[in-house]
Amino acid sequence: MKPAAFDYVRVASKREALEILAEHGEQARIIAGGQSLMAVLNMRLAQPKVLVDINHAGDLHDLNVERGHLLVGAAVRQVELMDRASLADEVPLLARALPWIGHFQTRNRGTVCGSVAHADPSAEIPLCLVTLGGRVVLESLKGKRREVPAAEFFQGVLTTARRPDELVSEVHFPLADPAVRYRFREVAMRHGDFALVALAACIRDDAVELGIGGVSDRPVLRRLPRGAELPEALNAFAWSLGAQDDVHASAAYRRHLVRELGRQLIEEQDHARAS
Amino acid sequence: MRAPADQRFPIRLQLNGRTRQGHAEPRMQLCDFLRYELGATGVHVGCEHGVCGACTVLVDGVASRSCLMLAVQAHERRIDTVESLARDDVMNDLQQAFSRHHALQCGFCTSGILMSCVEFLERVPEPDEAQVRDMLSGHLCRCTGYTGMVQAVLEVARQRGAQQQAPQQQEALENTHV
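Residues numbered from 1 in each chain as written. Chains lettered and ligands numbered in written order. Predicted model: local features only at pLDDT ≥ 70, side-chain atom pairs only at ≥ 80, totals over all residues. Heavy atoms only, no water.

Counting its secondary structure elements, chain B contains six helices and six strands. For chain B, the N- to C-terminal ordering of α and β elements is β-β-β-α-β-β-β-α-α-α-α-α. If one aligns the C-alpha atoms of chain B with their principal axes, the spans along those axes are about 55 × 35 × 25 Å. By residue count, 53% of the 178 residues in chain B fall in the buried class. Within chain B, counting contacts between residues at least 6 apart in sequence, those at least 24 apart form 54% of the total. (Helix = DSSP H or I, 4+ residues; strand = E, 2+ residues; numbered from the N terminus. Buried < 20%, exposed > 50% of the residue type's maximum accessible area, 1.4 Å probe, protein only. Contact = heavy atoms within 4.5 Å.)

Given below as structure tokens:
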């Protein structure tokens, strides 16, 4: 339960981080909040040769609204977003999902981009990013800066489109559309545990974009009809996710949660209170 | 700043208000550094993957898992552990409330929980029960249960609120909270 040995480099800028990634490739890992990576290191599930600490890189702490998106830099912590008073207006889905992420003690250090780069299938931030149609910015020293749609970025359990020399330098969340209602729900063994099923919805008058986390090997988004056709569409969606039995829940229970909570989330009256 | 894997890096930090120094290999977790290099054995190491919360300390005033941080990351930072709470062997108000409400038995989880409570009560001075329970959900206690802790935290919040309204007692309040 102690990490294997690695060189530690504290970088002062994004460029310095990219230089180390260019030199060491997949032998190097970026550490920001460490709330996922340190556990992985402690259990020796990863044994990088070089650990690159970006907490002191001043140009990775940006948190801005630009071109219709909320831009979140690689070193921005989850607590910073939760403390952002305007977030409920800017990206209401994210504002509703953040309290479900771990615990306040882990949100204090955990970063938004770190959760995206880690790509746990049950994680809330990747689910929100996919559901909203957000983008992941990947930068490397030699290659071109890439802006990858979230749905293409997440490729499987802890697997993404990031190349070994690339840094997840920003993620972009589209700003709220006034015609859309945003809702989030999650079921876990205890509040703050990994989600058995997490649901994120963008609800319009005629249709719904429903994102599901925790069931498939990545967040999955589907457009569903409203009204009488919804139950059948939800059932087909639930079966399409390839749910698996594990120690926490059966595949059948996960499908049930997708159908039942999906229906509740979409059909319930508007939240009486902001959550 | 570079620290090679096989070398011990000199680390200087503020521990409970005092400047302390020690050495750590890059891979050394902050919790082990605090215990074995600096002797702060009030930091308890439980699961070592961020779930149980026993190792929670304040890093620049913010509750953090010290098993999910490296000692080298704490260089030139301010760290507060459970040892910061009592003054002259007198427990602070939070510790006394935990004792009064039987909020601990074996005590292994308690030092981390107390440090979470310290930051929580600064951020949320007048919490309701649901907020306290949400904060405690970041900790595992396997012998006492959480009811006594909830009562203790709510009582301290009420006491501190009452003292805020009595300015002549302000100094006493500050002395209990370092």
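All names here are of chain B. At their nearest, the axes of helix H3 (residues 110-123) and helix H4 (residues 129-136) sit 10 Å apart, and the two run at 135° to each other. In terms of orientation, H3 and H4 fall into the oblique class. As for how H3 packs across H4, the hand of that crossing is right-handed. On the side of H3, the interface is formed by Ile113, Ser116, Cys117 and Phe120, while H4 contributes Gln131, Val132, Met135 and Leu136. (Axes fitted to C-alpha atoms, helices over the stretch in contact; angles between N-to-C directions. Parallel < 35°, antiparallel > 145°, perpendicular 65-115°, else oblique. Left-handed = near helix turned anticlockwise from the far one by under 90°.)

The next point concerns the packing of aromatic side chains. This structure, assessed with the given rule, holds two aromatic pairs over all chains. Seen from their ring centres, Phe104(A) and Phe120(B) are 6.5 Å apart, and the 50° between their planes marks the pair as tilted. Of this pair, Phe104(A) sits in helix H6 (residues 104-107) while Phe120(B) is found in helix H3, placing the two residues in two different chains. The burial state of Phe104(A) is the same as that of Phe120(B); both residues are buried. A centroid spacing of 5.1 Å and a plane angle of 85° characterise the contact between Phe153(A) and Phe154(A), whose relative ring orientation is edge-to-face. The pair formed by Phe153(A) and Phe154(A) is uniform in burial state, with each residue classed as buried. Against the face of Trp239(A) rests Arg255(A), its NZ or CZ located 3.7 Å from the ring centre. (Phe/Tyr/Trp six-rings, centres within 6.5 Å; stacked < 30°, edge-to-face > 60°. Lys NZ or Arg CZ within 6 Å of the ring centre and 35° of its normal.)

As a further point, take the packing of helix H10 (residues 230-240) of chain A against helix H11 (residues 251-267) of chain A. Residue and element names in this part refer to chain A. At a closest axis distance of 9 Å, the pairing of H10 and H11 adopts a crossing angle of 140°. By the angle class used here, H10 and H11 are oblique. Crossing angle aside, the handedness with which H10 passes H11 is right-handed. Facing Leu230, Leu234, Asn235, Ala238 and Trp239 of H10, the residues of H11 in contact are Arg255, Val258, Arg259, Gly262, Arg263, Ile266 and Glu267. Taken together, the residues of the contact of H10 with H11 break down into six nonpolar, two polar and four charged. (Nonpolar A, V, L, I, M, F, W, Y, C, P; charged D, E, K, R; others polar.)

What follows deals with the interface of chain A and chain B. Counting from both sides, the interface comprises 36 residues of chain A and, opposite them, 36 residues of chain B. Around 3,000 Å² of area is buried between chain A and chain B when both sides are counted, 49% of it from carbon and sulfur atoms. Looking at the side of chain A facing chain B, the largest losses of area belong to Tyr8(A), Arg10(A) and Gln105(A), adding up to 22% of the total buried there. Taken together, the links from chain A to chain B amount to three salt bridges. Of the charged contacts, one joins Asp83(A) and Arg123(B) as a salt bridge, the two residues approaching to 2.7 Å between their closest N and O atoms. Of all the elements in the fold, those that place two or more residues in the side of chain A that touches chain B are strand S1 (7-10), helix H2 (37-42), strand S3 (50-53) and H6 of chain A. Where S1(A) meets strand S1 (residues 2-3) of chain B, two bridges bridge the pair, whose relative direction is antiparallel. Bridged to Tyr8(A) within S1(B) is Ala3(B). (Buried area = accessible area lost by both parts, 1.4 Å probe. Salt bridge = Lys/Arg side-chain N within 4 Å of Asp/Glu carboxyl O. Pairing = 2+ DSSP bridges.)

Here we come to the pairing of strand S10 (residues 167-174) of chain A. Residues and elements named next belong to chain A. Buried residues dominate S10, accounting for eight of its eight residues. For strand S5 (residues 69-73) and S10, the ladder comprises five bridges, and the chain directions are antiparallel. Each residue of the ladder has a partner; that of Leu70, found in S10, is Phe173. Pairing of strand S6 (residues 135-139) with S10, which is carried by five bridges, proceeds in the antiparallel orientation. Looking across to S10, one finds that Val136 is bridged to Val171.

So, on to the UniProt feature "domain: FAD-binding PCMH-type" (unreviewed entry) in chain A. In this numbering, the UniProt entry assigns the feature "domain: FAD-binding PCMH-type" (unreviewed entry) to residues 1-178 of chain A. For residues 1-178 of chain A, the end-to-end C-alpha separation is 48 Å, with 31% helix and 24% strand making up the annotated structure. (UniProt positions renumbered as here; feature names shortened; annotations may be inferred.)

It is worth spelling out helix H2 (residues 93-100) of chain B at this point. All names here are of chain B. Of all the residues in H2, the buried ones are Asp93, Leu94, Gln95, Ala97 and Phe98. Lining the buried residues of H2 we find H3 and helix H5 (147-164). Residue Asn92 occupies the N-cap position of H2, its side-chain oxygen lying 3.1 Å from the main-chain nitrogen of Leu94. Following H2 by one or two positions, His102 has its phi on the positive side, about 50°. (Polar contact = N/O pair within 3.5 Å; in protein donor to acceptor, adjacent residues only side chain to side chain.)

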